[in-house]
Amino acid sequence: MERSPGRLGVPRWVIAVAIVGGLFVALPLVALIARVDWADFFSLVTSPSSVDALLLSLRTSVAATLLCILLGVPMATVLARVPFPGQRIVRALVLLPLVLPPVVGGLALLYLFGRRGMLGGTFDVAFSTPAVVLAQTFVALPFLVLSLEGALRSAGTRYEAVAATLGARPSTVLFRVTLPLVLPALVSGAILSFARALGEFGATLTFAGSLQGVTRTLPLEIYLQRETDPDAAVALSLVLIAVAVMVVAVAHGAGEPSRRRRRATL
């Protein structure tokens, strides 16, 4: 009897541990869903403060994602294509927000862009809507850089070299060859950046504060509602989970063409 290729060579104990890991992630979500007050769900998620928080989160997350693309594409391209001294250190600094506690990132932004910060006299944006966008960009940017740099390294440089030998300018090669080649990874990284920006809490609270309609995003609204109206907090958490699941599913689908191409070349 032929074994399934997906289980070929995988010990049963590994599968068992994988199931335990899956339950560890899924059961808390099931517990949260079981706690939802479905009778008042619609009224809980459509209160003025909830709607303001959701709309603000969507607007700022879209702006942060665009800023991640604007900054992240050149950063990933340089890291993947331009060797220079100290490259590993620079890459580590770029990816630092992935492991840095968000509240520390918020403090760093505050001491840079705050009223008494290093650039406060010129760019005093703390505790404003732009501060939310900056905080979200700070924590989300590594997701795009990491995804795109990996795709650029996997794609290689042979197509770019051919375009260059045919006389194409570096900018033409970038926009006509390089970026189309890694477009699925760029889309996937942008979507993951959007999801990270949407769920950002610590840096936003520290750098932007919590003012309804101005800086109070959906995660901040959930945190505040937890103290005064737990049912509203649970309902809003479910909304955030639903959006996150859809975003991750879309990101996975966006990355599938590049994975198929890699398998086809093996």
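Our subject is the structure that appears above.
Basis of the calculations
Residues numbered from 1 in each chain as written. Predicted model: local features only at pLDDT ≥ 70, side-chain atom pairs only at ≥ 80, totals over all residues. Heavy atoms only, no water. Helix = DSSP H or I, 4+ residues; strand = E, 2+ residues; numbered from the N terminus. Buried < 20%, exposed > 50% of the residue type's maximum accessible area, 1.4 Å probe, protein only. Contact = heavy atoms within 4.5 Å. Areas by Shrake-Rupley, 256 points an atom, 1.4 Å probe, with all protein chains shown as cover. Lys, Arg positive; Asp, Glu negative; His and termini not counted. Charge placed at Lys NZ, Arg CZ, Asp CG, Glu CD. Axes fitted to C-alpha atoms, helices over the stretch in contact; angles between N-to-C directions. Parallel < 35°, antiparallel > 145°, perpendicular 65-115°, else oblique. Left-handed = near helix turned anticlockwise from the far one by under 90°. Nonpolar A, V, L, I, M, F, W, Y, C, P; charged D, E, K, R; others polar. Phe/Tyr/Trp six-rings, centres within 6.5 Å; stacked < 30°, edge-to-face > 60°. Core = buried A, V, L, I, M, F, W, Y, C linked by side-chain atoms within 4.5 Å.

A.B. asks: So what's going on with the overall build of the chain? Which residues, and what values?
C.D. replies: Of the regular secondary structure elements, the chain holds twelve helices and zero strands. Across the chain, helices and strands are ordered from the amino to the carboxyl terminus as α-α-α-α-α-α-α-α-α-α-α-α. With respect to the three principal axes, the spread of C-alpha positions in the chain is 70 × 65 × 30 Å. The burial tally for the chain puts 38% of its 266 residues in the buried class. Considering only contacts in the chain between residues 6 or more positions apart, those separated by 24 or more positions represent 74%. If you sum the accessible surface of the chain, you get close to 15,500 Å²; carbon and sulfur atoms cover 71% of it. One way to put it: in the chain the 22 positive side-chain charges average out to a point 17 Å from where the 13 negative ones average out.

A.B. asks: Tell me what's going on with unusual backbone geometry, and back it up with residues and numbers.
C.D. replies: Trans is the common state for peptide bonds, and a negative phi is the common state for residues other than glycine. Here F127, not a glycine, exhibits a phi torsion of approximately 60°, which is positive. As for its placement among the helices and strands, F127 is situated in the loop between α5 (102-113) and α6 (129-155). Residue class for F127 comes out partly exposed when judged on its relative accessible area of 49%.

A.B. asks: I'd like a rundown of the environment of V125, residues and numbers included.
C.D. replies: On the secondary structure map, V125 appears in the loop between α5 and α6. C-alpha separation for the pair V125 and F113, spaced twelve residues apart in sequence, amounts to 6.2 Å. Setting aside anything within four residues of it in sequence, one finds V125 in contact with F113, P130, A131, L134 and F207.

A.B. asks: Go over the packing of α6 against helix α9 (residues 183-198) with me, naming the residues and quoting the values.
C.D. replies: Between α6 and α9, whose axes approach to 8 Å, the crossing angle comes to 160°. It follows from the interaxial angle that α6 and α9 lie roughly antiparallel. Between α6 and α9 lies a crossing of right-handed hand. For the pair α6 and α9, contact is made by Q136, V139, A140, F143, L144, S147, L148 and A151 and by A185, L186, G189, A190, L192, S193, R196 and A197, respectively. Here the residues of the contact of α6 with α9 are counted per class, giving eleven nonpolar, four polar and one charged.

A.B. asks: How would you explain the packing of aromatic side chains if you had to name every residue and give the values?
C.D. replies: Inspection of every chain in the model, using the stated rule, returns three aromatic pairs. Arranged with centres 5.3 Å apart and planes meeting at 55°, the rings of F201 and Y223 form a pair that is tilted. One end of the pair, F201, is in the loop between α9 and α10 (202-208); the other, Y223, is in helix α11 (residues 218-228), and 22 residues separate them in sequence. Looking at Y223, the relative accessible area reads 40%, which means it is partly exposed.

A.B. asks: Give a description of the nonpolar core that names residues and reports values.
C.D. replies: In terms of nonpolar packing, the biggest core is built from 23 residues, with V73, L144, V145, L148, L152 and V182 touching the most fellow members. Breaking this core down by element, the ones donating at least two residues are α3 (48-81), α4 (87-95), α6 and α9. The greatest single-element share of this core, amounting to nine residues, is contributed by α6. Look past the residues within four positions of L148 in its chain and what remains in contact with it is V73, A76, V182 and L186. Among the nonpolar cores identified, the runner-up in size contains 15 residues, and L44, V45, F194 and A235 belong to it.

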